[in-house]
Amino acid sequence: MKAFFALFLLAPLPVLADGEPVTYHRDIAPIIYAHCTSCHREGESAPFPLTNYSEVSRKARTIRRVTGDRYMPPWHANSEVTEFLNVRRLTAEQISRIDRWVSAGKPEGDPADAPDAPVFTEGWQLGEPDLIVTMAEPYEVPADGPDIYRNFVLPLDLAEDKWVKAVELRPSARGVVHHSLFHLDDSGTARQLDGKDGKPGFSGMSFRRSGSIGTYVPGASPRKLPGDLARPLPRGSDLVLSTHFHPSGKPELERTTVGIYLTDTPPARKLEELQVPPAFGRKAGIDIPAGEANFTIRDSFTLPVDVEAYSVSGHAHYLCTTMKMTATPPEGQGPPRILLEIPDWDLDWQDTYFFAEPLVLTAGTVIESVITYDNSRDNPENPHNPPKRVKWGRESTDEMGSITLAGVVLHSDEQRELRLSLQKQRTELFAALGRTLKDKKVLARLPAIVKRLDRNDNGILEESELPRRLREALLLRLDQDGDKSLDGSEIERLEKWLARIETGDES
Amino acid sequence: MTSRFFALLLAFPLLCPSLAQGAEPLAKVMVFVAVDCPIANRYAPELNRLREDYVGKKIEFLLVYPEPSLTENEVNQHLADHALTLPFMIDRRHRLVKQAGVTTTPEVAVFGASDEILYRGKIDNLFSDYGERRRRATETYLRDALDAILRGDKPAISTTDPIGCLIEELP
């Protein structure tokens, strides 16, 4: 199939003089086959098939409209300033060719001019996976209502550490599964939350994530990490799928199957993920006033060693509008370059973008992220109406914001230096958290806060007495006896924990 | 154009037998949909709610599929999948498309008692553009239009720009 696409890249584009008729078989089918059919076919995630003249002709005006405003094919990164692999974006010439074809009355042309129809791999795209796990029970997605974010725990029961080359997700109801993030949990906290509301999985993001083995978005085909690279999958870890559902208008049952491609050998160089700002923007000052149409956060990180970067991806929620990551090399080592520019952030298409060639970024290069938000009424995706103040948080109606650069150290003896530098980024994060606690005198005020929360005055903070936003996180961290309340000794644990953060001992 | 409206007025009760019974409705709502348009399909639960909320109030609904090659079986399957309980017709020759002046699925056209178009466009503002979806609609254009008609008023907003799958021209 690769050879098939390569042929298109090599073949000269038909030069269409004004007035020369554009035909489906000669001029349009190559675009459709290369950019649409992989999702728009039977059994895939897109809503209608686009595999032949009759199917394309039935949706021609819609295709003209959505390609014209670049809603389709979905691709949100600026691929003119950064070269990426598997760019799905159409060229201006292709868009205008579709427009001219529809305006000309959708002429079919001569089937002899048609390219061969693409051949797609049936079943697992990368062959039989080493490990296949399926959700124990299906989750019912209702016909109607807002989007749903739900986590599903899939025990892997691995007796030894493994390394992940690739993950492929196979939803049973592709039309409603919008995307899924593959988290790891080695603490069992996700298992505790699983099914508590009587339905498979759990809502909210208050489990302790110990790692990630990738993401799924429609349109992006699974690929193995290059060379000997692999992501760690420690024994005893559970896979936690964080899946985003779009209700479709009819009830659907989702029972996801996941295929994992493993290797036993750890990579020579560890795949590192640099988040700028760290922790999804936890301490990046995300506090967006209601109505604010142009709110900006920025953060930077200086690379301590030479790094070979493979991919870049962003994460934010509904209010985010643009993202940009720039690499500025030290003086005299060339101009700044843009690593990722997303001029119209869309939570629905959280792609990971792979650089066309691994990028070497030299020691001393400053990696800067700039992320903007629109919390005004004019942002139709604003989850609050009327708008309200939005701060950092784990729920989709809160905000986050960070860009992740994935890569390896160029020289394997410099691994430790990069690790230390990333550790420092994390320590600084907790230090900032500590300063906030200090500024607000949280520790000193804790007894008074506990007294105020303890409405029934029994010395115990019951679940209903805990602040709603922190409830799950506090219980998860502190409720040792699992009675859904914090007694005296558990409140003491809270005090000690806060003290550690305040003094910078927590990391 | 006027003659077309009269043709529609005459044709409507024939197309939709339930309309022929009982009192003359105050308004007739044509809802243009497609079996494979994701935005139209997303409205299935709201269409059922609309019917429940308004049918007892002399408002009649008709689902219209403006697709020449569609079969009754395909429509019945679509209705069953989405638990839709509205009467329907397949507008193979786009007579209703032309009479209602619609371009898109989903799009609605509300006809008054003397067959004038009182409202045409979106059901609500759940979608503001392709891929831009609110958590819930904040403007309920069709409901507002119907409520105005029930009060004996003209809808304050008479047209909105639809968003969805564009209806193909007939070959």
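This one's a predicted model, so the numbers in the text were calculated from it and none came from an experiment.

Reading the values: rules and limits
- Residues numbered from 1 in each chain as written.
- Chains lettered and ligands numbered in written order.
- Predicted model: local features only at pLDDT ≥ 70, side-chain atom pairs only at ≥ 80, totals over all residues.
- Heavy atoms only, no water.
- 1 Å grid on protein atoms, 1.4 Å probe; cavity = no way out; pocket = protein on both sides within 12 Å on 5 of 7 lines; lining within 4 Å.
- Points joined across faces, edges and corners; volume = space filled by probe spheres on them.
- Nonpolar A, V, L, I, M, F, W, Y, C, P; charged D, E, K, R; others polar.
- Domains from an automatic or database assignment.
- Helix = DSSP H or I, 4+ residues; strand = E, 2+ residues; numbered from the N terminus.
- Buried < 20%, exposed > 50% of the residue type's maximum accessible area, 1.4 Å probe, protein only.
- Pairing = 2+ DSSP bridges.
- Contact = heavy atoms within 4.5 Å.
- Buried area = accessible area lost by both parts, 1.4 Å probe.
- Salt bridge = Lys/Arg side-chain N within 4 Å of Asp/Glu carboxyl O.
- Polar contact = N/O pair within 3.5 Å; in protein donor to acceptor, adjacent residues only side chain to side chain.

Draft legend 1. View of empty space enclosed by the protein. One pass over the full model with this rule turns up six cavities of 30 Å³ or more. Computed from the structure, the largest cavity encloses a volume of approximately 110 Å³. Residue lining of the largest cavity: Gly145, Pro146, Asp147, Tyr318, Glu381, Asn382 and Pro383 of chain A together with Arg42, Leu126, Arg133, Arg134 and Arg135 of chain B, and that is the complete set. Split into classes, the residues belonging to the lining of the largest cavity amount to four nonpolar, two polar and six charged. Two domains each put at least three residues into the lining of the largest cavity: domain 2 (131–263) and domain 3 (272–422) of chain A. By volume, the second largest cavity amounts to about 80 Å³. What lines the second largest cavity is simply Glu272, Glu273, Leu274, Leu303, Val307, Leu405, Ala406, Gly407, Val408, Leu418 and Leu422 of chain A. Sorting the residues of the lining of the second largest cavity by element identifies strand S11 (272–276), strand S20 (401–409) and helix H7 (415–439) of chain A as the ones contributing at least two each. Counting residues per element, the lining of the second largest cavity draws most heavily on S20 of chain A, at four residues.

Draft legend 2. Region of interest: the pairing of strand S10 (residues 257–263) of chain A. All names here are of chain A. Within S10, seven of the seven residues are buried, leaving the element largely enclosed by the surrounding structure. On S10, burial covers both faces: Thr257, Gly259, Tyr261 and Thr263 on one face and Val258, Ile260 and Leu262 on the other are all buried. With four bridges joining them, strand S1 (residues 131–134) and S10 adopt antiparallel strand pairing. Residue Ile132 lies in a different strand from S10, and its bridge partner there is Gly259. With seven bridges connecting them, strand S4 (residues 162–170) and S10 associate as antiparallel partners. Bridging across to S10, Leu169 finds its partner in Val258.

Draft legend 3. The arrangement of the interface of chain B and chain A in detail. Between chain B and chain A, the contact holds 27 residues from the first and 31 residues from the second. Summed over both partners, the interface of chain B with chain A comes to about 2700 Å²; 45% of that surface belongs to carbon and sulfur atoms. As a salt-bridge pair, Asp144 of chain A and Arg42 of chain B come within 2.9 Å of each other at their nearest N and O atoms. Counting the contacts that link chain B with chain A gives 14 residue pairs in polar contact (both at pLDDT 80 or more). Partitioning the side of chain B that touches chain A into residue classes produces seven nonpolar, seven polar and 13 charged.

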